[in-house]
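# Results of the structural survey
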Amino acid sequence: MTVISSVVTRFVAGSVHAYDFSGSPVVESAAVPVAVFPVGAAIELQSHAVAPNLLRAVYATADEMVCIDREGKTLWRLGFGPGAHEPYNAMASCEFSLAGTVAWLYMPDAMAGRGDGLDHWLAIDAETGAIIARTELNCAGHGGHQFAHPHGVHMLLDVGEGQDGSRGYRGHLDRDVIELTAYPWTDRSLVSLAPDGHHFMTVHHDQEDVAFHAYPDGEVLVRIPVESFGCDPDEAYVEWAGGYLDSETAIVTIGGETEHEQEWYRHHLVDARTGQVHGTLDTQTRDAYDIEPLGDGSWLSTDDDDRLRRHTR
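So, a few notes on the structure that sits alongside this text. A quick note: this is a predicted structure, and the numbers were derived from the prediction, not measured.

### Concerning the overall build of the protein chain
Counting its regular elements, the protein chain contains one helix and 27 strands. For 313 residues, the compact-globule estimate of 2.2 N^0.38 gives 20 Å, and the C-alpha radius of gyration of the protein chain, at 19 Å, lies within 12% of that figure. Principal-axis analysis of the C-alpha atoms gives the protein chain an extent of 50 × 45 × 40 Å. When each of the 313 residues of the protein chain is scored for burial, the buried share is 51%. Contacts spanning at least 24 positions in sequence make up 43% of the contacts within the protein chain whose residues lie at least 6 apart. For the protein chain, the computed accessible surface area is about 14,500 Å², with 46% contributed by carbon and sulfur atoms. Here the protein chain carries 19 positive and 49 negative side-chain charges, and the mean point of each set is 7 Å from the other.

Quick look at the structure:
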């Protein structure tokens, strides 16, 4: 997924590591974290995020959302309340707004057996942990991904409902109310936002095509089926991976299996405005999802020592 801000996070050896990729890469090298937030190896994180100023981090478990500083000190915590004894594949998602003043939380309450059985989206004061606003969602998701729009006003939320498809939402805070817009589909997964904020990328739930949409209304600008990549749609599919390499070029990952049941994948370069396929990206990744475009012409992958490595064409 494309990272609109320059901060990328990983959970490593019981700590949230933050990496800052705001500068232009000069020499390809392994990334070094600029901030580390101790959590504890025994805590099972479902998601995590670091504020743009690198002074605090938030993480979500099955039971709560916690905000900590660089020393690992708890600044505030928000309990989720009682739920099912064994929640069915329900993963909470937390993310900071682009300004870092609001922490957004997606709660898959329906699958977790909490409350009134509806999923919820919360906006939380990042300084105090107070809930500013919450809204109900017309979905029953297993998990979600949140994206801070580069214009700094909206958050986007993609909710995966398993075999029932995916739903997409756009929201922004109006004082103490989340103004919510649901996108008119249940079969597309949001993968990436363009770094200029003018469009976004989705992949069909059945992985039969990739599409690029106008922002904010979601109008489809171009749709590219698997056949356009020179593949048989009965033997290949679009992975929910890749994203915007820059504002005009996207990385689209196509995968499949050989006749001997060996999995394969290739990263393709696509003109996000016209849908023209420009060939493959010559890069090594450990799997189809080990590629993270940064929107500035560079991308991340993981080396053999589990370190992030930044690349450019």
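Still to come is the rest of the account.
### Some points on the state of the cysteines
Using the criterion set out here, one finds zero disulfides in the structure. Considering cysteine sulfurs only, C67 is the nearest to C94, which forms no disulfide, with 9.8 Å between them. Residue class for C94 comes out buried when judged on its relative accessible area of 3%. Free cysteine C139: the closest other cysteine sulfur is in C94, separated by 17 Å.

### Thoughts on the sheet that holds strand β12 (residues 143–148)
Strand order in this open sheet of four strands is β12-β13-β14-β15, and the pairing throughout is antiparallel. The outermost strands of the open sheet, each flanked by one partner alone, are β12 and β15 (177–182). Between one strand axis and the next, the sheet turns by 25° as a mean value, whatever way the strands run. In this structure, strand β13 (residues 155–160) lies alongside strand β14 (residues 166–174), joined through six bridges in antiparallel fashion. Across the sheet, the residue bridging to L156 is R170, located in β14.

### What about the pattern of salt bridges?
Counted under the stated rule, the structure contains 14 salt bridges. Between E292 and R10 there is a salt bridge, and its shortest N-O distance comes to 2.6 Å. In this pair, E292 sits in strand β25 (residues 292–293) while R10 sits in strand β1 (residues 7–12), placing the two residues 282 residues apart along the sequence. Judged by its relative accessible area of 13%, E292 falls in the buried class. Taking relative accessible area as the criterion, R10 reaches 27% and is therefore assigned partly exposed. A salt bridge links R223 to D209; the shortest N-O distance between them is 3.9 Å. Here the residue R223 occupies a position in strand β19 (residues 220–225), and D209 occupies one in strand β18 (residues 209–214), the gap between them amounting to 14 residues. Residue class for R223 comes out partly exposed when judged on its relative accessible area of 44%.

### A word on unusual backbone geometry
Cis geometry is found at the peptide bond from Y215 to P216, where omega equals 15°. Inspection of the secondary structure puts P216 in the loop between β18 and β19. In this structure, A13 is a non-glycine residue whose phi angle is positive, near 50°. For A13, the position within the fold is in the loop between β1 and β2 (15–20). Residue classification places A13 among the exposed residues on the basis of a relative accessible area of 79%.

### Concerning the side chain of H204
Mapping H204 onto the fold places it in strand β17 (residues 199–204). Of the residues examined, H204 reaches a relative accessible area of 9% and is grouped as buried. Sequence-distant contacts of H204, defined by excluding residues within four places in its chain, comprise D187, R188, D209 and W240.

So, how was this worked out
- Residues numbered from 1 in each chain as written.
- Predicted model: local features only at pLDDT ≥ 70, side-chain atom pairs only at ≥ 80, totals over all residues.
- Heavy atoms only, no water.
- Helix = DSSP H or I, 4+ residues; strand = E, 2+ residues; numbered from the N terminus.
- Rg over C-alpha atoms; globule rule 2.2 N^0.38 Å.
- Buried < 20%, exposed > 50% of the residue type's maximum accessible area, 1.4 Å probe, protein only.
- Contact = heavy atoms within 4.5 Å.
- Areas by Shrake-Rupley, 256 points an atom, 1.4 Å probe, with all protein chains shown as cover.
- Lys, Arg positive; Asp, Glu negative; His and termini not counted.
- Charge placed at Lys NZ, Arg CZ, Asp CG, Glu CD.
- Disulfide = S-S within 2.5 Å.
- Pairing = 2+ DSSP bridges.
- Axes fitted to C-alpha atoms, helices over the stretch in contact; angles between N-to-C directions.
- Salt bridge = Lys/Arg side-chain N within 4 Å of Asp/Glu carboxyl O.

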